[in-house]
Amino acid sequence: MASKLEENPETRAVAPSKPLSPEGWIFDIKRFAVHDGPGIRTTIFLKGCSLRCRWCHNPESINTQPELMLHAQRCIDCGACLTVCPTGAHHRTERGERMFNRDLCDVCGRCVESCYAEALLMVGRMVSVEDVMVVVREDAPFYERSGGGVTLSGGEPLVQGDFTKALLAQCQAEGFHTAIDTSGQVAWSIINQVLPYLDLVLYDIKHISPDQHQRYTGASNRLILSNLRRLCGCGVPVEIRMPIIPTVNDSQETITSTARFLKSLNNITVVRLLPYHRLAGSKYQSLGMENTMPDVASPSASHMRQIAQWMSQYGLKVIIPEMGSDS
Ligand code: SF4
Ligand code: SF4
């Protein structure tokens, strides 16, 4: 399948080749979302990311290109995919075992259509702003009652900055509350161009140490922290989101350094701490990707409360999810 995306050296990410294109690559639309900003929301997940976090729970978002997911446990070995695949990516060994060679796949999608067991799934589709707005308008009554709206997430929605801008502008023109969930690992000019269309920014902080950030996400946090400082001077409300990854960023030293930095900024409404979970493991398998963090357990409820307390000592409003008590 031909791609409209190309490498953008400025951000190490992938950006659309057509300026102001009204189309973009998405991999999901979540309706009735309640964790992506205020009220009931429609969250649009865009493909492409400018970081490579080892703990990523949306590995299907990383690649900007559409890709095939194979859920092997659902396969009933009917052989339909072998019949339709023009490249031989689906094949059998001499012993009759069904195999999939991802390197041969040109993502034509024929096998997905033939697979009644839904073991094959295409992740990523190109949509127009209007395609998305059709869904958004259907959900509008729920926004009105709950104070909700539309959130663009990913991946990194600003990797497709022009599509994100066009979509946010349309949402704003139709009176919907708008938010993005961003890692901030993009040029400031890209953030600046979407700012006029945003009511809220959900901003991810992964690690306060540049070296540790580089180690665990593939990039230093210098651009991220400098963009956050600039953003916080622009008047838009900013909600900080920090995944808590045991042994990576959950020490008292790391948490208090993060809190000290955040305390120095304006317009931060809340710091939301998100406990790491291992639910994405099977997605890595389905995508043929290496799971780079298979052995890290989720933080306990008591540890999350401790981290929240370390942070709130700096005067920050900190939220952790309801986790019950440690067993
Ligand atoms: S998407 Fe097309 S090329 Fe890829 S495995 Fe399926 S049929 Fe073969
Ligand atoms: S079409 Fe689907 S169920 Fe049938 S062999 Fe291929 S992957 Fe398995």
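Rules of the game
Residues numbered from 1 in each chain as written. Chains lettered and ligands numbered in written order. Predicted model: local features only at pLDDT ≥ 70, side-chain atom pairs only at ≥ 80, totals over all residues. Heavy atoms only, no water. Helix = DSSP H or I, 4+ residues; strand = E, 2+ residues; numbered from the N terminus. Rg over C-alpha atoms; globule rule 2.2 N^0.38 Å. Buried < 20%, exposed > 50% of the residue type's maximum accessible area, 1.4 Å probe, protein only. Contact = heavy atoms within 4.5 Å. Areas by Shrake-Rupley, 256 points an atom, 1.4 Å probe, with all protein chains shown as cover. Lys, Arg positive; Asp, Glu negative; His and termini not counted. Charge placed at Lys NZ, Arg CZ, Asp CG, Glu CD. Pairing = 2+ DSSP bridges.

Okay, the overall build of the protein chain next. Scanning the protein chain from N- to C-terminus turns up 10 helices and 15 strands. Taking 2.2 N^0.38 as the reference for a compact globule, 327 residues should give roughly 20 Å; the C-alpha atoms of the protein chain span a radius of gyration of 21 Å, in line with that estimate. Oriented by its inertia axes, the alpha-carbon framework of the protein chain measures out at about 65 × 50 × 40 Å. Each of the 327 residues in the protein chain was classed as buried or not, and the buried ones make up 51%. For the protein chain, the share of sequence-separated contacts (at least 6 apart) that also reach a separation of at least 24 residues comes to 68%. Here the protein chain displays about 15300 Å² of accessible surface, and carbon together with sulfur accounts for 50% of that area. In the protein chain, 32 side chains carry a positive charge and 34 a negative one; their mean positions are 4 Å apart.

Structurally, His90 is set in strand S6 (residues 90-92). Those residues in contact with His90 that lie beyond four places of it in its chain are Leu68, Cys81, Leu82, Cys85, Arg98, Met99, Phe100, Cys111 and Leu120.

On to the sheet that holds strand S15 (residues 318-319). A sheet is described by the order of its strands in space; here 9 strands give the open sequence S9-S3-S4-S10-S11-S12-S13-S14-S15, paired in mixed fashion. Two strands close off the open sheet at either side, each with one partner strand: strand S9 (125-128) and S15. Across 4 bridges, strand S10 (residues 149-153) lies against strand S11 (residues 177-182) in parallel orientation. Each residue of the ladder has a partner; that of Thr151, found in S11, is Ala179.

None of this, on its own, says anything about what the molecule does.
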